[in-house]
Amino acid sequence: MSPQYAEPRHHAPPARRVRTLPLLFLTLLMAGVVPALLPSPLEAQEPVPPRMVADELERSRMCVPVLARLEVLNSELEPLALRVDRIGRLYEAVALEDSLRVTPFDDASDDDRRVRDWFRSDSELAERYLETEDEAVLEERRTRRTELEDELEEAFRAVSEQADGILARDPALPGQAAQCDGAILVRPAVMERCPEGDGSQICAEARSGETGQRYRFVDAAEDLWDVEQLRPWTSPTGIGPRPDGLLGGGQTSTLLRRGNVQLALGLEPLIRVRDEVPAEEAAEFDQYLEEMGFQFDDPRFVMSPALLVELDMDQPLADETLYLLHFGDLSAPAEQVFWTAQADQDRPIRDTFPVGEGVLVRLMSGEEVTLTAVRIDEDAAEVQGQPLYQLGLTNVGQAEAVTALVAYMAQGFLADDLRSLFPPEEGTPEE
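Only a predicted model underlies this, so the values are computations on that prediction, with no experimental measurement involved.

Conventions and cut-offs
- Residues numbered from 1 in each chain as written.
- Predicted model: local features only at pLDDT ≥ 70, side-chain atom pairs only at ≥ 80, totals over all residues.
- Heavy atoms only, no water.
- Disulfide = S-S within 2.5 Å.
- Helix = DSSP H or I, 4+ residues; strand = E, 2+ residues; numbered from the N terminus.
- Buried < 20%, exposed > 50% of the residue type's maximum accessible area, 1.4 Å probe, protein only.
- Phe/Tyr/Trp six-rings, centres within 6.5 Å; stacked < 30°, edge-to-face > 60°.
- Lys NZ or Arg CZ within 6 Å of the ring centre and 35° of its normal.
- Axes fitted to C-alpha atoms, helices over the stretch in contact; angles between N-to-C directions.
- Parallel < 35°, antiparallel > 145°, perpendicular 65-115°, else oblique.
- Contact = heavy atoms within 4.5 Å.
- Nonpolar A, V, L, I, M, F, W, Y, C, P; charged D, E, K, R; others polar.
- Core = buried A, V, L, I, M, F, W, Y, C linked by side-chain atoms within 4.5 Å.
- Pairing = 2+ DSSP bridges.
- Salt bridge = Lys/Arg side-chain N within 4 Å of Asp/Glu carboxyl O.

## Topic: the state of the cysteines
Step number 1: Under the counting rule described, the total for this entry stands at 2 disulfides.
Step number 2: Here C63 engages in a disulfide with C180; their sulfurs sit 2.1 Å apart. On the sign convention where negative means left-handed, the S-S torsion of about -90 degrees between C63 and C180 marks this disulfide as left-handed. Of the two residues, C63 sits in helix α2 (residues 50–96) while C180 sits in the loop between α5 (173–178) and β1 (184–186), which places them 117 residues apart along the sequence.
Step number 3: Assessed through its relative accessible area of 2%, C180 is described here as buried.
Step number 4: There is a disulfide in this structure between C194 and C203, and the S-S distance comes to 2.0 Å. Disulfide C194 to C203: torsion about the S-S bond roughly -90 degrees, handedness left-handed. For the pair shown, C194 and C203 are each scored as buried.
Step number 5: Counting only the cysteines that take part in disulfides, in the order they occur along the protein, gives the pairing 1-2, 3-4.

See below:
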């Protein structure tokens, strides 16, 4: 288990975070060229982003054959997935010597029969050992367990290879399906690509004129901009190990879905092993925590509160050049904007960065956060920034969740949990 989260794009402490702002926008702010962004129709009725309509119509047309192929693939993979799951549960039952986790056994399954027979023979060996205390009996138990685990691992590999062979027949499908799976589709565009008599579920549900069991539709691409889902800020918990060996917990987040665009914002501790961080950078982390009054007294690690931003869209919805994450109405960008990203980069956008005290205080007070897509016009007589559209996050539960998580990081509870998860080695200096 490693004491760190997924690798962020920026490691520097908050004092250096300003360097990640796009140079053009930073220059404009410092020069006072954009003390306030230009008036925008966002203040009235926000229009549908112009590129979104054409892009979503094309997505829906493209997704019909992709999803039909995915349906066929899933029908082939489903029995293999069920067997993999069963093998995993059988393996766990053997490891824990608990047959109740997988009973009743399926006599039609070779895997089940092997495990059932092992439990019977292992019980007999256990009784024999109690009677004789013969070490050879214990060795036989270990040998049989190892042989069974090897057989289950081999069965798992065989099923995985079979699944890989099925996937290899259509190697482009996973990448194409990523744009379609879970997307809200435009019904008329889907119907254009559904030939008469097509038996796929995507076409059947599109023809029904109702919301289907698997797929969701709108009647016009413009309607997607009115489809909005908001998730309140989640309640934070203490840190703990995840199944993949990294740390989980210790975070709070909120999510907005508008049409097929997703925006997530989260707060979490950014934790690094001190020996793996340059000394100058580690000193800045320490100074920052000291200035804020955080109690983090584990000398093996450096830590900073950090924000995680995830913007999931296939491509820009208008001709924006920048995304701004900010408080307020952008009447004073230098004080309100706390994150920017160039629009012309790989999708989706994911960024983790240390966050300053000012942003934490505003989040703890419940100030709403908005993402605004902006076009910077460098060719105009005077450089200007024009807001094009916005994605507004909810502040439901924000103040309570953020305040609780900041207290967890600041009052020593995070450091205590780290010491519990990773006890210091004997002789490690304590602060």
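There's plenty left to go through after this.
## Points about the packing of aromatic side chains
Step number 1: Considering all chains together, one arrives at 5 aromatic pairs under this definition.
Step number 2: Between the aromatic rings of W225 and Y389, the centroid separation amounts to 5.7 Å while the plane-to-plane angle is 85 degrees, which identifies the pairing as edge-to-face. Separated by 164 residues along the polypeptide, W225 in the loop between β2 (216–218) and β3 (228–231) and Y389 in strand β13 (residues 384–392) bring together distant segments of the chain. Across the pair, Y389 and W225 agree in class, each one buried.
Step number 3: Taken together through their ring pairs, the aromatic side chains of F105, W118 and F119 make up a single cluster.
Step number 4: Of note, R258 hangs over the ring of W225, and the distance from its end group to the ring centre comes to 4.0 Å.

## Description of the packing of helix α3 (residues 110–132) against helix α4 (residues 135–168)
Step number 1: Packing of α3 against α4 leaves a shortest axis separation of 9 Å and a crossing angle of 170 degrees. Taken together, the axis directions place α3 and α4 in an arrangement best described as roughly antiparallel. Here α3 contributes D111, R114, V115, W118, S121, D122, L125, A126, R128, Y129 and T132 to the contact with α4, which in turn contributes E135, V137, L138, E140, R141, R144, R145, L148, E151, L152 and A155.
Step number 2: A per-class count over the contact of α3 with α4 returns 10 nonpolar, 2 polar and 10 charged.

## Quick notes on the nonpolar core
Step number 1: Counting 62 residues, the largest nonpolar core has Y323 and W339 as its most contacted members.
Step number 2: A total of 7 residues in this core trace back to one element, the largest contributor, which is helix α11 (residues 398–410).
Step number 3: Ranked by size, the runner-up nonpolar core spans 34 residues in total, among them V66, I87, F119 and L148.

## Let's talk about the sheet that holds strand β10 (residues 337–342)
Step number 1: Overall, antiparallel pairing links the 4 strands, which are arranged β10-β9-β12-β13 in an open sheet. Every other strand in the sheet has two partners, leaving β10 and β13 as the edge strands with one partner each. Going across the sheet, the axis of each strand differs from the next one's by a mean of 25 degrees, ignoring polarity.
Step number 2: Two strands pair when backbone bridges link them, and strand β9 (residues 322–327) and strand β12 (residues 369–377) are joined in this way by 6 bridges, in the antiparallel orientation. Among the inter-strand pairings, Y323 is bridged to a residue of β12, identified as A373.

## Notes on the sheet that holds strand β11 (residues 349–354)
Step number 1: Across the sheet, 5 strands lie side by side as β3-β6-β7-β8-β11; this open sheet has antiparallel pairing. Each edge of the open sheet carries a strand with a single partner, namely β3 and β11. Between one strand axis and the next, the sheet turns by 15 degrees as a mean value, whatever way the strands run.
Step number 2: Summarising the sheet, β3 and strand β6 (residues 252–258) pair through 4 bridges and their orientation is antiparallel. Looking across to β6, one finds that R231 is bridged to L255.
Step number 3: Along the sheet face, helix α8 (residues 279–292) touches β7 (261–273) and β8 (301–312) and points at about 90 degrees away from the line of β8.
Step number 4: The strands that α11 touches are β6, β7 and β8; relative to β7, the one it contacts most, it runs at about 10 degrees.

## Some remarks on the pattern of salt bridges
Step number 1: Inspection of the entire model under this criterion finds 30 salt bridges.
Step number 2: The salt bridge involving E192 is made with R61; its shortest N-O contact spans 2.9 Å. Remark: R61 occurs in helix α2 and E192 occurs in helix α6 (residues 187–192); sequence separation between them is 131 residues.
Step number 3: Across the pair D111 and R114 runs a salt bridge, and its minimum N-O distance is 2.8 Å. Of the two residues, D111 and R114 are both situated in helix α3; the distance of 3 residues between them amounts to about one turn of the helix.
Step number 4: Under the relative-accessibility criterion, R114 is labelled partly exposed at 30%.
Step number 5: A cluster of three or more residues bridged by salt bridges with shared partners is formed by R83, D111, R114 and E151.

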